[in-house]
Amino acid sequence: MIKYILPFLLLLIIACGQEPGKTLSAHEIVDRAIDSCGGKLYRKSTIGFEFRDRTYEMENVSNKRVLKRITTSDSAVIVDIKKTDSFQRLINNRPANLADSLARKYGNSVNSVHYFAYLPYGLNDAAVNKKLLGETKIGDNKYYKMQVSFDKQGGGDDFEDVYIYWFNKETFKPDYLAYEFHVDGGGMRFREAYNERVVNGIRFVDYNNFKPKEEVALSTLDSLFKTGNLELLSKIELKNIRVTRDSYN
């Protein structure tokens, strides 16, 4: 009887993906994180929200992301459009001529807001390099601690920036992140997610945005957060979030 039961149990374990002692890779952790926060819906939805008096929209056109930022004043409507390999500004529906340096600056600004709004979506892009740093605990929860860097090819103008994410071991959601940037004098930030809500199947959060009080290693920011040694710099709040299914999906 045992010779029949053991093969059945082995098949059951494999089918459920619960191999005893199995260590998840960085890629597998990100896969689960994306699935827990929206999964395929990111690629099948048009998303809009307001952030600091501007409107942001993401569309999927021919399986490519089109990112928009809309600024409205009494005299003009400015629409900034960022695609994978191009940037365009429209002022009252007319193309504006911009120096390459300005186009790059505006494009990076548009991309940055969208990047943080949809995390962890995007962390499996081809130019992303992921390295599992280990496990840690923040508050009552255990986390996978992961470093993310970017290839020069396809990594954008900020490819030298380095990120660290803390993925909840139970939910796989990224509850915390930190990053080191080099533009505008450079610096470090640590973000704590709060106000989680799910809109039409996709998770969104706001952030408490901290900075270290002195120069430290990026990997130590979680320890400084736990001891209250980070300075609250700002709050990142998304408003009027809208998610609609693309009609062709």
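1. Some remarks on the side chain of Asp-175
Alright, step 1. On the secondary structure map, Asp-175 appears in strand E10 (residues 174-181).
Alright, step 2. Note on Asp-175: relative accessible area 17%, which makes it buried.
Alright, step 3. Setting aside residues up to four positions removed in sequence, Asp-175 forms contacts with Tyr-143, Trp-166, Asn-168, Arg-191, Glu-192, Ala-193 and Arg-203.

2. Structural notes on the sheet that holds strand E5 (residues 86-91)
Alright, step 1. Read from one edge to the other, the open sheet built from 7 strands follows the order E6-E5-E4-E3-E2-E1-E14, with strand pairing classed as antiparallel. Of all strands in the sheet, those with a lone pairing partner are strand E6 (94-95) and strand E14 (239-245), marking the two edges.
Alright, step 2. Sheet analysis places strand E4 (residues 77-83) next to E5, joined by 6 bridges and oriented antiparallel. Each residue of the ladder has a partner; that of Val-79, found in E5, is Leu-90.
Alright, step 3. Across the sheet, helix H3 (residues 100-117) lies against strand E1 (45-51), strand E2 (54-61), strand E3 (64-72), E4 and E5, angled at about 105° from E3, the strand it touches most.

3. A word on the pattern of salt bridges
Two side chains bearing opposite charge may form a pair once their charged atoms approach each other closely.
Alright, step 1. Tallied over the entire structure, the rule returns 11 salt bridges.
Alright, step 2. With a shortest N-O distance of 3.0 Å, Arg-65 and Asp-125 are connected by a salt bridge. Of this pair, Arg-65 sits in strand E3 while Asp-125 sits in the loop between H3 and strand E7 (128-138); the two residues are 60 residues apart in sequence, bridging distant segments of the chain.
Alright, step 3. In this structure, Arg-89 and Asp-80 form a salt bridge, with 2.6 Å as the shortest nitrogen-oxygen distance.
Alright, step 4. Among the ionic contacts, a cluster of salt bridges with common partners joins Lys-173, Asp-175, Glu-196 and Arg-203.

4. Observations concerning the pairing of E7
Alright, step 1. Of the pairings in the sheet, the one linking E7 to strand E8 (residues 141-150) comprises 10 bridges and is antiparallel in character. Each residue of the ladder has a partner; that of Lys-137, found in E8, is Lys-142.
Alright, step 2. Where E7 folds back onto E8 in an antiparallel hairpin, the turn is made up of 2 residues, including Gly-139, whose phi is positive at roughly 65°.

5. Quick look at the sheet that holds E7
Across a sheet, strands are paired by hydrogen bonds formed along the backbone, either parallel or antiparallel in direction.
Alright, step 1. Pairing within the open sheet is antiparallel, and its 7 strands lie in the order E7-E8-E9-E10-E11-E12-E13. Edge positions in the open sheet fall to E7 and strand E13 (230-236), since each of these has one partner strand only. The average angle at which neighbouring strand axes cross in this sheet is 25°, direction not considered.
Alright, step 2. The strands that helix H2 (residues 26-37) touches are E7, E8, strand E9 (162-168), E10 and strand E12 (202-212); relative to E7, the one it contacts most, it runs at about 80°.

Cut-off values and rules
- Residues numbered from 1 in each chain as written.
- Predicted model: local features only at pLDDT ≥ 70, side-chain atom pairs only at ≥ 80, totals over all residues.
- Heavy atoms only, no water.
- Helix = DSSP H or I, 4+ residues; strand = E, 2+ residues; numbered from the N terminus.
- Buried < 20%, exposed > 50% of the residue type's maximum accessible area, 1.4 Å probe, protein only.
- Contact = heavy atoms within 4.5 Å.
- Pairing = 2+ DSSP bridges.
- Axes fitted to C-alpha atoms, helices over the stretch in contact; angles between N-to-C directions.
- Salt bridge = Lys/Arg side-chain N within 4 Å of Asp/Glu carboxyl O.

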